[in-house]
Amino acid sequence: MTESIPNFRRLSNKLLTSGQPAREQFSLVRDEGCCLVVNLAMPNSDGFLPDEGEIVEGLGMRYVAIAIAWDAPQLDDARQLFEVLQTHRDHRVLVHCAMNMRVSALMFIYRTQCEGVDEAVALRDLHAIWTPNETWQKFMDDVKNDMHDVRTSMDVVRERDCSAKESRQSGA
């Protein structure tokens, strides 16, 4: 059972998270219907499996590694993860790291900002794993602000495109 994987959480029908699965537990992930495994752990993380990609792909799933430094997470890491999740939003996905701490922090942002999950619900799931330290709380705030900036820029582009279309239609 996937519940035997460290810090396993079923956040939705499509989104599963955990700490580092053992080599033999990836077949359980496949049996759950996952088509993608995303690993956010660094190669020096506890339990890291250097051949994890081969194991996962050998079981018929896709594999993406986005190594996020524990002490210095970067906005580009979050952007890359969210892009992968958006691309696979119609499929069941497991996102894991060493202890589900990196993942749970980023899933809080992703779920509230991209999936419309109530903040209290997402916070309960986050706190079931941990309370982010100062580094990760700042990173979460930075990611949330970055997402707001991206959405604001997209709104400006959409407004400009709509205004240009209206001008063309009115013959101006």
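See the structure above.
Conventions we followed
The residue numbers shown here count from 1 along each chain, following its written sequence. Only residues with pLDDT of 70 or above have their local features reported here, since the model is predicted, and side-chain atom pairs are shown and tallied only from 80 upward, although totals for entire chains, interfaces and linings are computed over all residues. As a convention, hydrogens and water are excluded, and side-chain values are obtained from all of the structure's heavy atoms. Salt bridge criterion: a side-chain nitrogen from Lys or Arg within 4 Å of a carboxyl oxygen from Asp or Glu. Only DSSP runs of H or I with at least four residues qualify as helices, and only runs of E with at least two residues qualify as strands; both kinds are numbered from the N terminus onward. Think of it in three bands: residues with accessible area under 20% of the maximum for their type are buried, residues over 50% are exposed, and the middle band is partly exposed, with areas taken using a 1.4 Å probe on protein chains only. A pair of strands counts as paired when DSSP detects no fewer than two bridges linking them. Residue contacts are defined here by distance: any two heavy atoms, one from each residue, within 4.5 Å place the two residues in contact. What counts as an axis is a line fitted to C-alpha atoms, over the stretch in contact for a helix, and the angles between N-to-C directions run from 0 to 180 degrees. The cut-offs work like this: below 35 degrees is roughly parallel, past 145 is roughly antiparallel, 65 to 115 is roughly perpendicular, and the gaps in between are oblique. The classification used treats Ala, Val, Leu, Ile, Met, Phe, Trp, Tyr, Cys and Pro as nonpolar, Asp, Glu, Lys and Arg as charged, and all other residues, Gly among them, as polar.

Engineer: Can you lay out the pattern of salt bridges for me, pointing to particular residues and giving the numbers?
Structural biologist: Going through the model one piece at a time under the given rule, you end up with 10 salt bridges. A salt bridge links Arg10 to Glu32, with the shortest nitrogen-to-oxygen separation between them at 3.0 Å. Of the two residues, Arg10 sits in strand 1 (residues 9–10) while Glu32 sits in the loop between helix 1 (26–31) and strand 3 (36–39), which places them 22 residues apart along the sequence. Here Arg79 and Asp76 are joined by a salt bridge, their closest N and O atoms 2.5 Å apart. Here Asp76 and Arg79 lie together in helix 3 (residues 75–87), a separation of 3 residues that amounts to about one turn. Overall, Asp76 belongs to the exposed group, its relative accessible area being 52%.

Engineer: With reference to specific residues and values, describe the sheet that holds strand 5 (residues 93–96).
Structural biologist: With respect to topology, 5 strands assemble into an open sheet ordered 1-2-5-3-4, the strand pairing being mixed. Looking along the sheet, the strands with just one partner apiece sit at the ends: strand 1 and strand 4 (62–65). Packed on one face of the sheet, helix 4 (residues 101–114) meets strand 2 (15–18) and strand 5 and runs near 155 degrees to strand 2.

Engineer: I'd like to hear about the packing of helix 4 against helix 5 (residues 119–129), residue by residue, with values.
Structural biologist: Following both chains from N to C, one finds helix 4 and helix 5 inclined at 180 degrees, their axes separated by 9 Å at the closest point. Taken together, the axis directions place helix 4 and helix 5 in an arrangement best described as roughly antiparallel. Facing Met101, Ser104, Ala105, Phe108, Arg111 and Thr112 of helix 4, the residues of helix 5 in contact are Glu119, Val121, Ala122, Leu123, Asp125, Leu126 and Ile129. For the contact of helix 4 with helix 5, a count of residues per class yields 8 nonpolar, 2 polar and 3 charged.

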